[in-house]
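Observations on chain architecture
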Amino acid sequence: MPQRKLGQILVDLGYLTDDQLWDVLEEQKQSAGLIGQVAVRMGMVTETQVTEALAEQWGMPVINLAETNIPPQVLELVPQQMAEIYKIMPVSMRDDVLTVAMADPQNVGALDDLRNLLGNEIRGAVSSLADVEEAIAKYYADRDESIEDVIDELQADEDDEGRIRGYDLSSEEELSDAAPIKKLLNMVILLAIRDQASDIHFEPFEDEFKIRVKADGVLYEMVPPPRHLASAIVSRIKVMADLDIAERRLPQDGRIELNVGGNPVDLRVSVLPVLFGEAVVMRVLDRTVVALDLNKIGMDPAILTKFRRMIELPNGIVLVTGPTGSGKTTTLYSALNELNDISTKVITSEDPIEYDIEGIMQCPINVDIGVTFANILRGILRHDPDKILVGEIRDYETGEIAVQSALTGHLVFSTLHTNDAPTAITRLRDMGVAAFLITATVEAILAQRLVRRICSECRTEFEPSDELLMELQLPLDTARKYKFYFGKGCARCNNSGYKGRVGLYELLIVTDEIRDCVAAEQSADEIRDVARNQGMTTLRESGLKLIFDGVTTIDEVVRETVMEDLD
């Protein structure tokens, strides 16, 4: 880390006087922003002088990109997407060390990312943001590469036997380090992050190697690379995730930490041996995409008010249910984030920890060494928590300890995999949790789904057919009173008609009447009827509201919710 402040360096270099520095610091307090930017805005220094001071601060040379000739082979090493995302420009390659000009030398994490992604030693230099952007526009103007271009380039670089020229196919390590393989994989990862994808799937089959990216809950297929490169691509992923490239018989898990545009992005890597090789799934965890804020998860204001009242309770159990990928973790993290203050001790147990939250103690689960939800929950109770998150209630033992924790004065949050809120009660009963314990501890159950939003750029009104309207189980005369929309498809939404997702929520508050139903061991349908009579909005009703508001489509709501009697 630098020892000297940027303002002091500007004074030492003679670009500012001590009095001017005080003026800049005062202005910075009022307007915020980096000190160099504030000094430029006040007209006290130039961009060039700030660049020189940054170079002095970080011990890097200054590069004038306008006067630098960059060889084509150096540009080949860094794809345009990488240059634009990291705000860097490759300058030269000497003795296997790649020099890059950086607009933000303070983002030292970018250099680590580039080492990991490119597999080269990286040396940083400093240039102004304007110069870097101008150089990217100039040098990459006729190099706008796509995945297809890189694959064509790979195939053109093959010899008569289908091997990449210059690389030994018998050496996994050498092949995984091949420049074309690295270039293809980097482009896939950066495009997925740019498009706010949640997962990247690499799937080997007998005759092809598929790459699919999940965005807004739907998988989209990319142009597949040649089948015989599957092993090399998987090996490259293993190298980046620090996994054993020689082990192909056992599942492996790892992570790749990136710092894209100054924001931390985690790639959780899971390798699974399958019939025709190894399949890999990368889970993309980007904090800039997921806002851990209850006000931003799309919950109806009336439901949100009730849910906030539940999470403020001093003890009890609050459950969030839904299938994998329904946003349960985001809702729970948002709730914990809201409860996270200096007077409240919050401890979580998760498998795995998806986002780290400052101020909350988070415990990872490791079943291999016996660290299960049940075991770690016993340890958590000795740390005097006020609120506890149990990642998932999977069995009777975990359910029993969660109940005991609630009975001893703790508020417990957890998840279950059930289709709706009333079914969560019967699931606990099936696990062996006694009905009297359920009635004594469970305070609220939130069921949720995610549906895709209609793209705002290409949203178009249309007249649905009678058959489509009948899917909603509403009288046709009633349904025809509303307007309906769909997305035609445009460049913004990749011609899918959808951009982003929004939640459907069903909040069951356990009232005295619901407790009587649980104690009498009534069915989920009977519990649902009582809850609806008390004002519970079902998932289908939540979806209907979004359809009538023009937020989503009939198809999305029908796909994610079960048919109900809505009389």
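Throughout, a residue's number is its position along its own chain's written sequence, starting from 1. It should be noted that, the model being predicted, local features are given only for residues of pLDDT at least 70 and side-chain atom pairs only at 80 or more, the latter also being counted only at that level, while totals for whole chains, interfaces and linings use all residues. As a rule here, side-chain values come from all non-hydrogen atoms in the structure, and water together with hydrogens is ignored.

Per an unreviewed UniProt entry, the chain goes by the name Type II traffic warden ATPase and belongs to Fuerstiella marisgermanici. UniProt positions are given in the numbering used here, feature names are shortened, and annotations may be inferred rather than shown by experiment. The Sequence similarities (unreviewed entry) field of the UniProt record for the chain holds the comment "Belongs to the GSP E family."

The next point concerns the domain arrangement of the chain. Splitting the chain by domain gives domain 1 (6-141), domain 2 (170-286) and domain 3 (301-450 + 502-536). Facing the 15 residues of domain 1 at the interface are 15 residues of domain 2. Once two parts are put together, the accessible area they lose, assessed with a 1.4 Å probe and summed over both, is termed the buried area. Note on domain 1 versus domain 2: buried area summed over both sides is about 1400 Å², and carbon and sulfur give 55% of it. Three residues, Ile-85, Asn-116 and Leu-117, lead the burial of domain 1 against domain 2; their summed loss comes to 40% of the area buried on that side. Salt bridge, as used here, is a side-chain nitrogen of Lys or Arg placed within 4 Å of a carboxyl oxygen of Asp or Glu. Inspection of the region where domain 1 meets domain 2 yields 1 salt bridge. With a closest N to O distance of 3.1 Å, Glu-76 and Lys-183 form a salt bridge. Polar contact is defined as a pair of N or O atoms within 3.5 Å, subject to the rule that within protein one atom must be able to donate a hydrogen and the other to accept it, and that residues adjacent in sequence are counted only when both atoms are side-chain atoms. Here domain 1 and domain 2 share 5 residue pairs in polar contact (both at pLDDT 80 or more) between them. Where the side of domain 1 that touches domain 2 is concerned, the elements lending two or more residues are helix H6 (80-86) and helix H7 (108-118). Where a domain begins and ends is set by an automatic assignment or by a domain database. Pairs of residues are marked as contacts when any of their non-hydrogen atoms sit within 4.5 Å. Helix and strand assignments come from DSSP, with helices taken as H or I runs of at least 4 residues and strands as E runs of at least 2, each series counted from the N terminus.

With that settled, consider the nonpolar core. Buried Ala, Val, Leu, Ile, Met, Phe, Trp, Tyr and Cys residues that are joined via side-chain atoms within 4.5 Å together make up what is termed a nonpolar core. A 1.4 Å probe rolled over the protein chains alone gives each residue an accessible area, and that area as a share of the maximum for its type sets the label: buried under 20%, exposed over 50%, partly exposed in between. Residues Tyr-86, Met-89, Ile-200, Phe-202 and Leu-258 are the most contacted members of the largest nonpolar core, which totals 82 residues. Top contributing element to this core by residue count: helix H11 (residues 179-194), with 8 residues. No fewer than three residues from each of domain 1 (6-141) and domain 2 (170-286) sit in this core. Formed by 45 residues, the second largest nonpolar core is a distinct cluster that contains Ile-380, Ile-388, Ala-435 and Ile-527.

This next bit is on the sheet that holds strand S1 (residues 88-94). If you walk across this open sheet you meet the 3 strands as S1-S2-S3, and the pairing is mixed. One side of each edge strand has no neighbouring strand; the edge strands of this open sheet are S1 and strand S3 (121-126). Adjacent strand axes in the sheet meet at a mean angle of 30°, parallel and antiparallel pairs treated alike. The pairing criterion for strands is at least two bridges between them, as found by DSSP. Inspection of the sheet shows strand S2 (residues 97-102) paired to S3 by 6 bridges, in the parallel sense. Note that in S3 the partner of Leu-98 across the bridge is Ile-122. Orientation is described by axes fitted as lines to C-alpha atoms, over the contacting stretch for helices, and by angles from 0 to 180 degrees between their N-to-C directions.

What follows concerns the packing of aromatic side chains. The criterion for an aromatic pair is that two Phe, Tyr or Trp rings (for Trp, the six-membered ring) have centres within 6.5 Å, with stacked assigned to planes under 30 degrees apart, edge-to-face to planes over 60 apart and tilted to the rest. This model, assessed by the stated rule, comprises 4 aromatic pairs. Taking the centre distance of 6.4 Å and the plane angle of 25° together, the rings of Phe-202 and Phe-209 count as stacked. Neither residue differs from the other here; Phe-202 and Phe-209 are each classed as buried. Geometrically, the ring pair formed by Tyr-482 and Phe-548 is stacked, given 3.7 Å between the ring centres and 5° between the ring planes. You can see Tyr-482 sitting in the loop between helix H20 (476-479) and strand S17 (484-487) and its partner Phe-548 sitting in helix H23 (residues 539-548), a full 66 residues away along the chain. Note on Tyr-482: relative accessible area 37%, which makes it partly exposed.

Before going further, it helps to spend a moment on the pairing of strand S6 (residues 218-221). With 4 bridges joining them, strand S5 (residues 209-215) and S6 adopt antiparallel strand pairing. Its bridge partner being in S6, Lys-214 is matched across the sheet by Leu-219. Between S5 and the antiparallel strand that follows it, S6, lie 2 residues; Asp-216 among them carries a positive phi value of about 55°.

Our next topic: helix H8 (residues 129-139). Of all the positions in H8, only Val-132, Ala-135, Ile-136 and Tyr-139 are classed as buried. Angular distribution of buried residues about the axis of H8 spans 100°; they occupy a single face of the element. Seen from the open side of H8, the exposed residues pointing more than 90 degrees away from its buried face are Ala-130, Glu-134, Ala-137 and Lys-138. Of the surrounding elements, those touching the buried residues of H8 are helix H5 (72-75), H6, S1 and S2. Taking the helix axis as origin, the arc is that swept by the directions to the C-beta atoms.

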